[in-house]
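Okay, here's what each chain looks like letter by letter:
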Amino acid sequence: MDLAIANYGTNNVGILLGTSNNTFANQITFSTGPNSHPYSLAVGHLNDDTMLDVAVANYGNNNVGVFLGYGNGNFMSQTTYSLSGASPYSIGIGDFNNDNRMDLVVTNNGTNNTALFVGYGNGTFASPQMYSTESSSSISIVIGDLNRDNRLDIAAINSDTNIIGIMLGYDEFFPIQRTYSTGLYSYFVAVGDFNKDTQLDIVVANQLDNTVSVLLGYGNGSFAHQVTYSTGSSPQSLAVGDFNNDTRLDIVVANDLNEAISVFLGYGDGSFAKQTTYSTGPYPGSVAVGDFNNDTHLDIVVANFGDNTVSVLLGYGNGSFANQTTYSTGSEPYSVAVGDFNNDTHLDIVVANFGDNTISVLLGYGNGSFTNQTKYSTGSGPQSVAVGDFNNDTHLDIVVANPKDNTISVLLGYSDGSFANQTKYSTGNWPTSVAVGDFNHDTQLDIVVANFGGNNVSILLGYGNGSFANQMTYSTGSGPLSVAVADFNNDTRQDIVVANINDNNISVLLRYDRGALKEKITFASANGSHLRSFAVFDFNNDSLLDITVANYGTDNIGILLGHGTATFGNQTVLLTGLNSHPYSMAIHDFNNDGQVDIAVTNYGTKKLVTFLGSGNGTFENQASYGVDFDFAPLVVGAGSFNKDGRSEILVYGYYVIKFVVNLS
């Protein structure tokens with residue numbers, strides 16, 4: 001076992017390599033820069049090469065230094081990351097955004113007293129996200145999952161307010177929004193790879209200027225300027241598919257005011273032929289595609305708002321289509337989707353009926369024809385419908401956006417193509433479009449809703465049993481009317497694109513977990529306690545993290561047992577002795593009884609004491625073992641330095657390192 005030391009006075013990091021005779025080689029130093037005054041350091045794998053690296057809080061230069069290790073006790077020259085005007089005190093390493101790459105968190109002296117550096121996994125880091133708390137002097141930090149949500153949290157000692165501050169880690173989901181211009185009144189959006197470069201592109205129906213906009217993607221989440229193509233009158237919906245079996249994606253558009261759809265055949269380079277039109281019913285407002293007669297050629301279904309029907313147009317496989325066949329729906333069908341609801345390998349149709357607050361399900365026979373509709377109740381004014389397996393039973397379920405009562409309806413499917421009664425969930429104001437995707441990478445389907453009246457989208461995370469969490473909202477442009485889901489930047493995380501009708505643009509919201517922190521709660525110790533250090537551990541074996549605190553001013557340490565919700569019980573005090581001024585602690589099993597104990601350095605009495613744990617959160621109420629030093633100890637650590645299976649304690653004071661060997 002080796003040692004790494006931050007040498008404040010000599011502006012360097014010292015490495016002491018362990019030898020085979022239980023001693024250490026002479027110190028090797030690595031410069032942290034003139035007047036850098038490194039205050040603390042942390043050790044971990046910062047670039048996934050199995051070799052330990054070092055991160056240093058350089059108090060004097062207001063930066064963080066990273067030394068990447070070669071694995072032989074030597075290190076690359078320091079790379080620094082600025083904290084602007086903040087002076088770092090304490091530094092820690094952890095994966096705050098669950099991407100299996102180590103990040104850095106730093107507490108600082110200054111207004112922005114907590115900084116989070118997200119790691120790229122190659123030893124480099126993004127610019128820091130700065131967070132302010134009630135303190136301007138956070139001197140010590142520990143990391144752990146304090147509320148059992150599988151995300152790392154931090155707890156810090158605020159020396160100026162004598163308070164422990166806890167900041168909980170959380171997922172921002174969509175912190176990045178980019179906008180791109182479209183035509184007038186961007187009404188509907190869909191996604192596909194139109195130029196066969198394996199990068200997803202976007203197509204938008206522009207209602208007022210009778211065009212569609214195609215925006216080619218670069219694969220990094222950004223897009224080229226639009227190219228527009230003329231459609232029929234008032235394009236209101238579109239869908240994507242290969243209609244002529246040439247492996248190139250084509251587009252079909254529902255033109256609301258001239259009772260027709262437009263088909264644009266793609267050339268495979270991102271451009272399209274002029275439209276070919278086919279008649280539908282009156283006011284065709286929604287379109288979807290699928291192979292309804294099992295001939296391997298894509299067909300089209302259109303919801304006709306004006307005569308309460310859907311039109312089915314069977315494809316010939318050469319980009320042309322047969323005349324429509326119509327089927328009755330409910331009142332004012334507004335949206336249509338496709339899926340196999342009865343597991344017979346034949347595609348079925350579901351329609352959201354705006355006028356009578358229902359959906360219609362039409363089961364397919366597999367020959368291009370369909371049964372009469374079966375209707376199910378929804379919320380008020382259903383305007384959009386999507387399908388997915390929300391409860392992992394291999395049967396498709398349905399979700400509907402209800403703008404008139406600001407809800408979505410979830411209808412779980414049975415194996416025979418019938419559905420349970422709706423369960424409703426609140427959304428934002430006037431939800432107009434709904435889509436599904438797995439936004440938190442848990443393999444359970446989630447729901448995204450475009451809220452036209454709230455200028456945002458709602459994300460409802462799925463539990464995998466058909467139920468959903470309460471919504472989280474994220475801002476969009478003005479009047480988001482349509483939403484689609486895809487991975488636009490090839491990071492395996494699903495992103496969102498929204499058509500903003502009032503802004504004549506689209507918003508692309510990239511899914512990015514930056515490992516954000518939010519202040520949750522603070523805990524005050526006793527008056528005059530002058531907190532100096534603390535640690536987290538499960539002291540009572542309930543699988544919940546607890547906190548222990550060194551109270552310098554009141555000559556004791558405190559134990560706060562955790563409830564698993566980032567809240568803690570009242571402090572239990574263990575005395576360290578009159579004028580002892582406890583400064584630092586180490587957690588370890590010193591007597592090999594399977595329960596953790598606490599070692600404390602007392603700055604005032606120049607003494608080391610230990611408290612033996614019982615495993616239920618209680619400790620011996622006075623020090624069980626003591627060692628006197630001829631210097632005031634500042635930092636304590638524990639480990640088996642001589643590999644005899646017993647723990648040694650390392651104690652550090654100014655210019656002095658000593659060991660206490662455990663002989664028990």
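Cut-off values and rules
Residues numbered from 1 in each chain as written. Predicted model: local features only at pLDDT ≥ 70, side-chain atom pairs only at ≥ 80, totals over all residues. Heavy atoms only, no water. Helix = DSSP H or I, 4+ residues; strand = E, 2+ residues; numbered from the N terminus. Buried < 20%, exposed > 50% of the residue type's maximum accessible area, 1.4 Å probe, protein only. Contact = heavy atoms within 4.5 Å. Areas by Shrake-Rupley, 256 points an atom, 1.4 Å probe, with all protein chains shown as cover. Pairing = 2+ DSSP bridges. Axes fitted to C-alpha atoms, helices over the stretch in contact; angles between N-to-C directions. pLDDT = per-residue confidence, 0-100. Domains from an automatic or database assignment. Phe/Tyr/Trp six-rings, centres within 6.5 Å; stacked < 30°, edge-to-face > 60°. Salt bridge = Lys/Arg side-chain N within 4 Å of Asp/Glu carboxyl O. Polar contact = N/O pair within 3.5 Å; in protein donor to acceptor, adjacent residues only side chain to side chain.

A. Local environment of the overall build of the protein chain. Across its full length, the protein chain carries zero helices and 54 strands. Expressed as lengths along the three principal axes of its C-alpha atoms, the size of the protein chain is roughly 95 × 45 × 40 Å. Per-residue burial over the protein chain gives 58% buried out of 664 residues. Once local pairs closer than 6 in sequence are excluded, the contacts in the protein chain between residues at least 24 apart make up 44%. Entry remark: accessible area of the protein chain is about 25,700 Å², with carbon and sulfur atoms responsible for 48%.

B. Summary view of the pairing of strand S37 (residues 446-451). Counting buried residues along S37, six of its six residues qualify, which places the element largely inside the surrounding structure. Covered by surrounding structure in S37 are Asp446, Val448 and Ala450 together with Ile447, Val449 and Asn451, the residues of both alternating faces. Pairing of strand S36 (residues 431-437) with S37, which is carried by six bridges, proceeds in the antiparallel orientation. Paired with Val436 across the strands is Ile447, a residue of S37. Here S37 runs beside strand S38 (residues 456-460); their pairing, made up of five bridges, is antiparallel. Counted as the bridge partner of Asn451 is Asn456 from S38. Remark: four residues form the turn of the hairpin made by S37 and S38, two consecutive strands paired antiparallel; Asn455 in that turn has positive phi of roughly 55 degrees.

C. Quick peek at the sheet that holds strand S3 (residues 28-31). Taking strand neighbours across the sheet as the criterion, the three strands line up as S1-S2-S3 in an open arrangement whose pairing is antiparallel. One side of each edge strand has no neighbouring strand; the edge strands of this open sheet are strand S1 (3-7) and S3. Between one strand axis and the next, the sheet turns by 25 degrees as a mean value, whatever way the strands run.

D. Here's a closer look at the confidence of the model for the protein chain. Confidence along the protein chain averages 90 in pLDDT terms, with 91% of residues attaining 70 or more. Contacts from residues 657-664, a stretch scored under 50 in pLDDT, to residues over four places away or in other chains number 29 contacts.

E. Region of interest: the domain arrangement of the protein chain. Partitioning the protein chain into structural domains gives domain 1 (1-171 + 518-524), domain 2 (231-328) and domain 3 (525-663). Measuring from the centre of the C-alpha atoms in domain 1 to the corresponding centre in domain 2 gives 58 Å.

F. The arrangement of the pairing of strand S13 (residues 153-158) in detail. Most of S13 sits out of view: six of its six residues are buried. Judged from the six bridges that link them, strand S12 (residues 138-144) and S13 form a sheet pairing that is antiparallel. Paired with Gly144 across the two strands is Asp153, which belongs to S13. Here S13 runs beside strand S14 (residues 163-170); their pairing, made up of five bridges, is antiparallel. Each residue of the ladder has a partner; that of Ile154, found in S14, is Met167.

G. Local environment of the packing of aromatic side chains. The tally for this structure, following the rule as stated, stands at 29 aromatic pairs. Residues Tyr39 and Tyr59 carry aromatic rings whose centres are separated by 5.8 Å and whose planes lie at 40 degrees to one another, so their mutual orientation is tilted. With a gap of 20 residues between them, Tyr39 in strand S4 (residues 38-44) and Tyr59 in the loop between strand S5 (53-58) and strand S6 (63-67) connect regions that are remote in the sequence. Relative accessible area serves as the criterion here: at 42%, Tyr39 is assigned to the partly exposed category.

H. Local environment of the pattern of salt bridges. Under the counting rule described, the total for this entry stands at two salt bridges. Two residues, Asp356 and Lys375, come together in a salt bridge whose shortest N-O distance is 2.9 Å. Highlighted residues: Asp356 in the loop between strand S29 (348-353) and strand S30 (358-362) and Lys375 in strand S31 (residues 374-377), separated in sequence by 19 residues. Since its relative accessible area comes to 24%, Asp356 is described here as partly exposed. By relative accessible area, which is 41% here, Lys375 ends up partly exposed. The salt bridge involving Lys424 is made with Asp405; its shortest N-O contact spans 3.0 Å. In this pair, Lys424 sits in strand S35 (residues 423-426) while Asp405 sits in the loop between strand S33 (397-402) and strand S34 (407-411), placing the two residues 19 residues apart along the sequence. Residue class for Lys424 comes out partly exposed when judged on its relative accessible area of 44%. According to the relative accessible area criterion, Asp405 is partly exposed, its value standing at 24%.

I. Focus on the side chain of Thr378. Here Thr378 is to be found in the loop between S31 and strand S32 (384-388). Other than its neighbours up to four places away in sequence, Thr378 contacts Asn357, Thr358, Ile359, Val400, Asn402, Ser409 and Gln422.

J. Structural view of unusual backbone geometry. Positive phi, normally seen in glycine, also occurs at Asn35, with a value near 60 degrees. Within the secondary structure layout, Asn35 lies in the loop between S3 and S4. If you check the backbone angles, Trp430 has positive phi at about 60 degrees while not being a glycine. With respect to the helices and strands, the residue Trp430 is situated in the loop between S35 and S36. Trp430 sits in the partly exposed class, given a relative accessible area of 32%.

K. Inspection of the side chain of Ser90 at higher detail. With respect to the helices, strands and loops of the structure, Ser90 is situated in strand S8 (residues 87-94). Engagement of the side chain of Ser90 in a polar contact is seen with the backbone nitrogen of Ile141, the distance being 3.4 Å. Excluding its chain neighbours within four sequence positions, the residues that come into contact with Ser90 are Ser40, Val105, Val106, Thr107, Ile139, Ser140 and Ile141.

L. Spatial organisation of the sheet that holds strand S18 (residues 211-215). In space, the four strands of this open sheet follow the order S16-S17-S18-S19, with antiparallel pairing throughout. If you trace the sheet from one side to the other, it starts and ends with strand S16 (186-192) and strand S19 (227-230), each paired once. When strand polarity is set aside, the average angle formed by the axes of neighbouring strands in this sheet is 25 degrees. Two elements, strand S17 (residues 201-206) and S18, share five bridges in a ladder whose sense is antiparallel. Within the sheet, the bridge partner assigned to Ile202 lies in S18 and is Leu215.

M. A look at the environment of Arg532. Turning to its location among the elements, Arg532 is positioned in strand S44 (residues 531-537). Owing to a relative accessible area of 27%, Arg532 belongs among the partly exposed residues under this scheme.

N. Main features of the environment of Ser186. Here Ser186 lies in strand S16. Assessed through its relative accessible area of 0%, Ser186 is described here as buried. Leaving out residues up to four positions away in the same chain, Ser186 has contacts with Val204, Ala205, Asn206, Ala499, Asn500, Ile501, Asn504 and Asn505. Here Asn500 takes part through its backbone oxygen, which lies 2.8 Å from a polar atom of the side chain of Ser186. A polar atom in the side chain of Ser186 sits 3.1 Å from the backbone oxygen of Asn505.

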